[in-house]
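Listed below, chain by chain, are the residues.
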Amino acid sequence: MVVDVVTNPSLGPLMELLSQTIEAIIEVAITSKNVLIKKKSFAELSSYLERIIPLLRELNRKEISDSEGLENFLEILHQQTKVAKQLIGDCRERNRFYLFVNSRSIAKRIEDITREITHAMSCIPLASLDISMGIREDIDQLVNNMRNAEFRAAIAEEEILEKIELGIHERNVDRSYANNLLVSIAEVVGVSTDQAALKKELEEFKSEIENLQLRKDKAEAIQMDQIIALLERADAASSLEDREKKYLMKRTSLGNQPLQPLQSFYCPITKEVMVDPVETPSGHTFERSAIEKWLAEQDGHLCPMTLTPLDTSMLRPNKTLRQSIEEWKDRNTMIVVASLKSRLSSGEEEEVLHCLEQLQDLCEQREMHREWMILENYIPCLTELLREKNGDIRKCALVILCLLAKDNYDAKVLLLLVTI
């Protein structure tokens, strides 16, 4: 788009500002075509700005500047166009994953720019200015269009962002969840789903986070660290060797003996370790299903510990205790997984079968348990058991191998290497 703008220093600072603003709008219209995200939103914003140019050209041609409302409009338009240029620059140059997880914020900034300009335009005294009726009508229509404009994340983007939030909240999401999430983000932002490409993009994303920390943008950096921690569970984030090294360091630091649960882990009603602990206003914690059943069966709806009135609406998740319980379970399970391996070579059929049944149960519980078995190098041991005479042992070993290989590229490669 080419606009014949002639800057005349004798016209004063306002006309100079007007000419600069036209040039800035043209630049925004051109550069917005190369953003990496929110292309439609930036195109819509650029379209609105370009529709203002006829008004600016006529003001420039007729040297109209004696209006307080017009002066305010030009200053705001110039400032918001500069803001748009900066935002477009970020969305052209920064990491795609970083831009995606900030897509709501980017949409909000585009909307804020639009609202500021709309408000400024509505204050222009069009009726008192020497401009054509056609331009007045166009500006009136433009103000209405911009006032009703909404900029939001697309449905597909919003679904992925919600999955990210869920993954952060539910700390025990498995690797396949992170894998699917990483691929979904890559597909939306136009990155190849090849492992090497995903790893490269993720590394660049982490570099962006480090820059945030250097700039001391702490609130955003903390949020991004949580997202990184979630995505790093994906296969593309690290090699099998890296994961194995990290796992063995953690497992070695735990010792060899499982820990007994703390007294606070037990529900006062069931006398068992809690899974979904909830806290009452008085500070007592119960297993959710147990306290709900208790209150449903008691006419007075009283707390079993304090005998004070209690309703299910008053219960709140005890997230800190739940996390402690889950960490305790993970620690003990990791020790169990490591200890069972040596017992598979005991030669005692009954013990071997018992160990295999334990391993199968752990495999079926969580994807993380399967990952630990792979990192403990169980695959060669299990493959060897396929040669046993005992059919139950062979069957159980085969089931576990199938579970380990399901949706796990590394396990499939290891199985292939063992069987060659």
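Since this is a predicted model, take the numbers as computed values, not measurements. Throughout, a residue's number is its position along its own chain's written sequence, starting from 1. Only residues with pLDDT of at least 70 get local features here, since the model is predicted, and only at 80 or more are side-chain atom pairs given and counted; chain-wide, interface and lining totals rely on the full set of residues. Hydrogens are left out, water is left out, and the side-chain values use all remaining heavy atoms of the structure.

Visitor: Could you clarify how one ought to interpret the overall build of the chain in this entry?
Guide: Per the convention used, a helix needs a DSSP run of H or I reaching at least four residues, while a strand needs a run of E reaching at least two, with both numbered from the N terminus. Within the chain one finds 18 helices and three strands. Scaling as 2.2 N^0.38, a compact globule of 420 residues should have a C-alpha radius of gyration of about 22 Å, whereas the chain reaches 31 Å, well beyond that. A principal-axis box enclosing the C-alpha atoms of the chain has dimensions of 100 × 70 × 35 Å. Counting every position in the chain, which comprises 420 residues, the buried fraction comes to 44%. Whether two residues touch is decided by their heavy atoms; if any such pair falls within 4.5 Å, the residues are in contact. Long-range pairs, those at least 24 residues apart, make up 69% of the contacts in the chain with a sequence separation of at least 6. Accessible surface, the chain: about 22700 Å² in total, of which carbon and sulfur atoms supply 50%. Counted charges follow a simple rule, with Lys and Arg positive, Asp and Glu negative, and His plus the chain ends left uncounted. A charged residue contributes its charge at one atom only: NZ of Lys, CZ of Arg, CG of Asp or CD of Glu. Distance between charge centres in the chain, computed from 53 positive and 70 negative side chains, equals 2 Å. In this description the radius of gyration comes from C-alpha coordinates, and the expected globular size is given by 2.2 Å times residues to the power 0.38. Buried residues are those whose accessible area, probed at 1.4 Å on protein chains only, stays under 20% of the maximum for their type, while exposed residues exceed 50% and partly exposed ones sit between those limits. In short, Shrake-Rupley with a 1.4 Å probe defines the accessible areas, and a residue's cover is counted only from the protein chains shown.

Visitor: Looking at this model, I keep getting lost on the sheet that holds strand 3 (residues 316-317). Mind explaining?
Guide: Sheets are built from strands paired through backbone hydrogen bonds, the pairs being either parallel or antiparallel. If you walk across this open sheet you meet the three strands as 2-1-3, and the pairing is antiparallel. The sheet is open, and its two borders are formed by strand 2 (285-287) and strand 3, each paired with just one other strand. Comment: axis = line fitted to C-alpha atoms, over the contacting stretch for helices; angle = value between 0 and 180 degrees taken between N-to-C directions. Along the sheet, helix 12 (residues 288-297) makes contact with strand 1 (277-279), strand 2 and strand 3, crossing strand 2 at roughly 90 degrees. Strand pairing is assigned whenever DSSP identifies at least 2 bridges connecting the two strands.

Visitor: What is the right way to read the packing of helix 16 (residues 378-385) against helix 18 (residues 409-419) from this model?
Guide: Helix-helix packing is described using two parameters, namely the angle between the two axes and the distance between the axes. It is at 10 Å that the axes of helix 16 and helix 18 come closest, and there the two elements cross at 50 degrees. When the interaxial angle is binned, helix 16 and helix 18 end up oblique. The handedness of the crossing between helix 16 and helix 18 is right-handed. Along its contact with helix 16, which presents I379, P380 and T383, the element helix 18 presents A411, L414, L415, V418 and T419. Nonpolar residues are Ala, Val, Leu, Ile, Met, Phe, Trp, Tyr, Cys and Pro. Charged residues are Asp, Glu, Lys and Arg, and all others, Gly as well, are polar. Within the contact of helix 16 with helix 18, the residues separate by chemical class into six nonpolar, two polar and no charged. Oblique is the label for any angle not under 35 degrees, not over 145, and not in the 65 to 115 range, which are roughly parallel, roughly antiparallel and roughly perpendicular in turn. For a crossing to be left-handed, the near helix must be turned anticlockwise from the far one by less than a right angle; the clockwise case is right-handed.

Visitor: Would you take a moment to explain helix 15 (residues 367-375) for this structure?
Guide: Residues lying three or four places apart along an α-helix face the same way, a consequence of the helix completing one turn every 3.6 residues. In terms of burial, helix 15 is largely enclosed, as eight of its nine residues are buried. Turning to helix 15, its buried residues number three or more, namely E367, H369, R370, E371, W372, M373, I374 and L375. With its phi angle positive at about 60 degrees, N377 sits one or two positions after the end of helix 15.

Visitor: Even after reading the chapter, I still don't get the confidence of the model for the chain, so can you show me in this structure?
Guide: Do not read the predicted coordinates in detail wherever pLDDT is low. Of the residues in the chain, 94% reach a pLDDT of 70 or more, and the chain-wide mean stands at 88. The predictor attaches a confidence to each residue, and that confidence, scored 0 to 100, is pLDDT. Between residues 1-11, whose pLDDT stays under 50, and residues either more than four places distant or in other chains, the model counts 16 contacts.

Visitor: When you look at the state of the cysteines in this model, what are you seeing that I'm missing?
Guide: Two cysteines form a disulfide when their sulfur atoms are joined by a covalent bond. The disulfide definition used here is simple: a pair of cysteine sulfur atoms within 2.5 Å. Under the criterion given, the structure shown has zero disulfides. Just so you know, C381 is unpaired, no disulfide at all, and the nearest cysteine sulfur is the one on C355, 12 Å from it. With no disulfide of its own, C396 lies closest to C363 among cysteine sulfurs, the gap being 9.3 Å. Given a relative accessible area of 7%, C396 falls into the buried group.

Visitor: What is the right way to read the UniProt feature "domain: U-box" (unreviewed entry) in the chain from this model?
Guide: Per the UniProt annotation, the sites labelled "domain: U-box" (unreviewed entry) are residues 260-335. In residues 260-335, helix accounts for 36% and strand for 11%; the two terminal C-alpha atoms are 13 Å from one another. UniProt positions are given in the numbering used here, feature names are shortened, and annotations may be inferred rather than shown by experiment.

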